[in-house]
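Structural description and commentary
Chain by chain, the residues run as shown.
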Amino acid sequence: MPDIYMMRAESGVTYLRASHLPCPHGFSTRLGGVSTHPETVSLNLGRGFADDDATVRENLDRFAAAVGFDSDTLVSLHQIHSPDVRTVTAADAGLGYSRPSDETADGYVTCERGVAIGIRTADCVPILAAAVDEAGRPYAVGAFHAGWRGTVAGIATEGVRRMVALGARVEHIRVAIGPCIHRCCFEIDDAAREVFVAGLGGEMTDRFVLPSREGHYDADLVGINLALLAEVGVSGGRVAVSDLCTRCRGDLLYSHRRDGRKRGSMLSVITLPK
Ligand SMILES: [Zn+2]
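The following refers to the structure shown. (Residues numbered from 1 in each chain as written. Predicted model: local features only at pLDDT ≥ 70, side-chain atom pairs only at ≥ 80, totals over all residues.)

1. Some details on the pairing of strand 5 (residues 107-110)
Taking every second residue as pointing to the same face, both faces of strand 5 are buried, with Gly107 and Val109 on one and Tyr108 and Thr110 on the other. Two elements, strand 4 (residues 85-87) and strand 5, share three bridges in a ladder whose sense is parallel. Each bridged residue has a counterpart across the sheet, and for Val85 the counterpart in strand 5 is Gly107. As paired elements, strand 5 and strand 8 (residues 138-146) share four bridges and run antiparallel to each other. Following the sheet pairing, Gly107 is matched in strand 8 by Phe144. (Buried ≥ 20, exposed ≤ 12 C-beta atoms within 10 Å, placed from the backbone. Helix = DSSP H or I, 4+ residues; strand = E, 2+ residues; numbered from the N terminus. Pairing = 2+ DSSP bridges.)

2. A closer look at the nonpolar core
Within the largest apolar cluster, 82 residues are counted, with the highest numbers of intra-cluster contacts made by Phe63, Ile117, Ile127, Val175, Leu221 and Val269. If you tally residues by element for this core, the top one is strand 7 (residues 125-132), at seven residues. Those residues within four positions of Ile127 in sequence are excluded, and the remaining contacts are Phe144, Ala146, Ala156, Gly159, Val175, Ile177 and Asn225. (Core = buried A, V, L, I, M, F, W, Y, C linked by C-beta atoms within 7 Å. Contact = placed C-beta atoms within 7 Å.)

3. Thoughts on the packing of helix 3 (residues 155-165) against helix 6 (residues 221-231)
It is at 8 Å that the axes of helix 3 and helix 6 come closest, and there the two elements cross at 35°. Crossing handedness for the pair helix 3 and helix 6: right-handed. Of helix 6, the residues touching helix 3 (which contributes Ala156, Thr157 and Val160) are Asn225, Leu228, Leu229 and Glu231. For the contact of helix 3 with helix 6, the per-class residue count stands at four nonpolar, two polar and one charged. (Axes fitted to C-alpha atoms, helices over the stretch in contact; angles between N-to-C directions. Left-handed = near helix turned anticlockwise from the far one by under 90°. Nonpolar A, V, L, I, M, F, W, Y, C, P; charged D, E, K, R; others polar.)

Listed below in structure tokens is the structure:
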């Protein structure tokens, strides 16, 4: 079975990678950056929190050096908890970080080299994917932001569909799910449960949204995303999952449930090798 394991660069940047994705990629943690504000210490990769943009940029450059992608090419736009996946070309390189943009997207797919794609999370489910041929060569990649609304809207299956539309064979697609809020910490109320039922149906909801106390439920976003991926043919030994819960691990990860806006943001990036 593929494994997700932690890496620590000489700079101190600490991130997770998956053993079955043979291209530069990583799920960041909060360790190894230059943010000194108590809310964001230290590898905050999201703008709009306690750090100025120069600090976030320095963190991005450190993360990029550790993982092995070109920070100038990173595409990562405003996220709106949609199932919208953008097909990225080299012409998009830098959108969001190096080149300001008002565009939005919650996922990216590309088969072009020389451009990195990334999504930001702090509890939401980060999904990285690569299509790898029989010779072990990656030829398409994807990055998807699956918050609970995006999960319910089916961004995981939409992401696979869009990789296939780019020419990926579904049996070649490998997926890694990074640190996110797990069932231990993701309680929702009746109103939110109704959104799950409306989007996923009662059967899926009953499998993964389990009663806790009166009027409340524990939702298993990882379980739902795994089930959705399996429905479109991505399962078994082609899927790896981190068991780290963002809310439980304040020493290592940012969490919106735990800290609200007094936090930073993680970044999950993948790119095809040059
Ligand atoms: Zn937890």
